[in-house]
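Chain and residue survey
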Amino acid sequence: MKDQFVIAYLSDLTMTREVVSHAVFLARMLNKGLILLYVEDHRHNNPAVDQATPTLLQIEAEHPDVHPAHVAMKGNTREVIDALPTMLNGVIAVAGVNPTAHRGSPTHPRQVLHLFGGCKIAYLTVQSPLTDPSTYRHVGYGIDFRKESKEKLIWASYFSRFNHSRLTMLHFDYGDEGLRAKWHNNVLFMNKFFNGLGVTYDQQSVSGRALFPETLVCDAAAHIGCGLLISVTTDTRDLDIIEWFAGTQERRTVRNPHRLPVLFINPRNDIYVLCD
């Protein structure tokens, strides 16, 4: 029995292949258990537990090497997701995103971000099945002037240490001296953190200015061949007037046209990480 688990959130069973393929990879990479999670939630009008169970059992049978278990329940999906670290010892979750899904679907990008808005573990959003494990051999993450940028480093280090992934730090060249100084301090912190773990990285500057800089980082990551982007969501306490009306950066990166998997981390003081 494993001590911690990768959680494959199978929302309405329309994206089981997409979610399970990535979740199985993570369970193998991290040497953690795998739980298939299904929540019958009247808000989503998804199949009943007894209808979903045969699909869950079939998935278990298809992946005997990782010994997946399933949990199927009725309830409020967001409350279940909020409780993943304590209820299921979850350390990372995987969720399917379908940009063309109807607004009420649990795979709609805004719904996914809402459901995981209070999540205390990292969650990977995927649009396509994982057909080539080497996809995760190159991982990108942006470091900017915000202190929240540093929260990406622990998961970047996991991919470097456990998957031997190449890391690329993407950044803007700030003209403003104050912003550049804050960015430089974040880089110094990153170097100290990575040096202690024996982790190395490349760096790539990002051109242009945008209302939502993370969208440019996502574009740049896809352009240089990254198979994964690590991102931090917007702290709701820090939303500005533009974000209240135009939406947050993660609303755009989660549905990115490159279909790039995005690993989101909510900025919290009580975030759960691996026991390694």
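Refer to the structure presented above.
The structure presented is a predicted model; accordingly, all values stated were derived computationally and were not measured. Within each chain, residue numbers correspond to sequence positions counted from 1 in written order. Only residues with pLDDT of 70 or above have their local features reported here, since the model is predicted, and side-chain atom pairs are shown and tallied only from 80 upward, although totals for entire chains, interfaces and linings are computed over all residues. Excluding hydrogens and water, the side-chain values take into account all heavy atoms of the structure.

A few words now on the pattern of salt bridges. Where charged atoms from two side chains of opposite charge approach closely, those side chains can pair. One side-chain nitrogen of Lys or Arg within 4 Å of one carboxyl oxygen of Asp or Glu is enough to make a salt bridge. One pass over the full model with this rule turns up seven salt bridges. Here E214 makes a salt bridge to K152, at a shortest N to O gap of 3.8 Å. You can see E214 sitting in helix α8 (residues 213-223) and its partner K152 sitting in the loop between β6 (138-142) and α6 (153-163), a full 62 residues away along the chain. Helix numbers and strand numbers start at the N terminus; a helix is a DSSP run of H or I with at least 4 residues, a strand a run of E with at least 2.

Moving on, we come to the pairing of strand β2 (residues 33-40). Burial classification: accessible surface area is computed with a 1.4 Å probe over protein chains only, and a residue below 20% of its type maximum counts as buried, one above 50% as exposed, and the rest as partly exposed. With eight of its eight residues buried, β2 lies for the most part within the structure. Burial of the side chains of β2 extends over both faces: G33, I35, L37 and V39 are buried on one face and L34, L36, Y38 and E40 on the other. In this scheme, strands are said to pair when DSSP sees at least two bridges between them. The pairing of strand β1 (residues 5-9) with β2 spans five bridges and is classified as parallel. When the sheet's bridge partners are listed, V6 is paired in β2 with L34. The crossover handedness rule: strands pointing away from the viewer, path from first strand over the helix to second strand clockwise, crossover right-handed. For the handedness criterion, the β-α-β arrangement of β1, helix α1 (residues 16-30) and β2 is classed as right-handed. Judged from the six bridges that link them, β2 and strand β3 (residues 69-74) form a sheet pairing that is parallel. Along β3, the bridge assignment pairs E40 with K74. One crossover worth recording links β2 to the parallel β3 by way of helix α2 (residues 49-62), and it is right-handed.

Think of a nonpolar core as a cluster: buried Ala, Val, Leu, Ile, Met, Phe, Trp, Tyr and Cys residues, connected wherever their side-chain atoms sit within 4.5 Å. Grouped together as the largest cluster of nonpolar side chains are 59 residues, with contacts concentrated most on Y141 and W155. Top contributing element to this core by residue count: α1, with nine residues. By size, the runner-up hydrophobic cluster in this structure holds 24 residues, among which are F5, M73, C119 and V254.

If you trace the backbone, V19 turns up in helix α1. Its relative accessible area of 1% is what places V19 among the buried residues. With 46 residues separating them along the chain, V19 and D65 place their C-alpha atoms 17 Å apart.

Sheets are built from strands paired through backbone hydrogen bonds, the pairs being either parallel or antiparallel. Taken together, the 10 strands give an open sheet; going across it, the order is β3-β2-β1-β4-β5-β10-β9-β6-β7-β8, and neighbouring strands pair in mixed fashion. Because the sheet does not close on itself, it has two edges, and the strands there are β3 and β8 (202-205). Direction aside, neighbouring strands of the sheet carry axes that sit 25 degrees apart on average. Bridge count for strand β7 (residues 166-171) against β8 is four bridges, and the pairing is parallel. Across the sheet, the residue bridging to M169 is Q203, located in β8. Any two residues having at least one pair of non-hydrogen atoms within 4.5 Å are treated as being in contact. In this analysis, axes come from line fits to C-alpha atoms, helices being fitted only over the stretch in contact, and the angle between any two N-to-C directions falls in the range 0 to 180 degrees. Sitting on the sheet, α2 touches β2 and β3, and the angle it makes with β3 is about 170 degrees. The strands touched by α8 within the sheet are β6, β7 and β9 (228-232), with β9 carrying the most contacts at an inclination of about 165 degrees.

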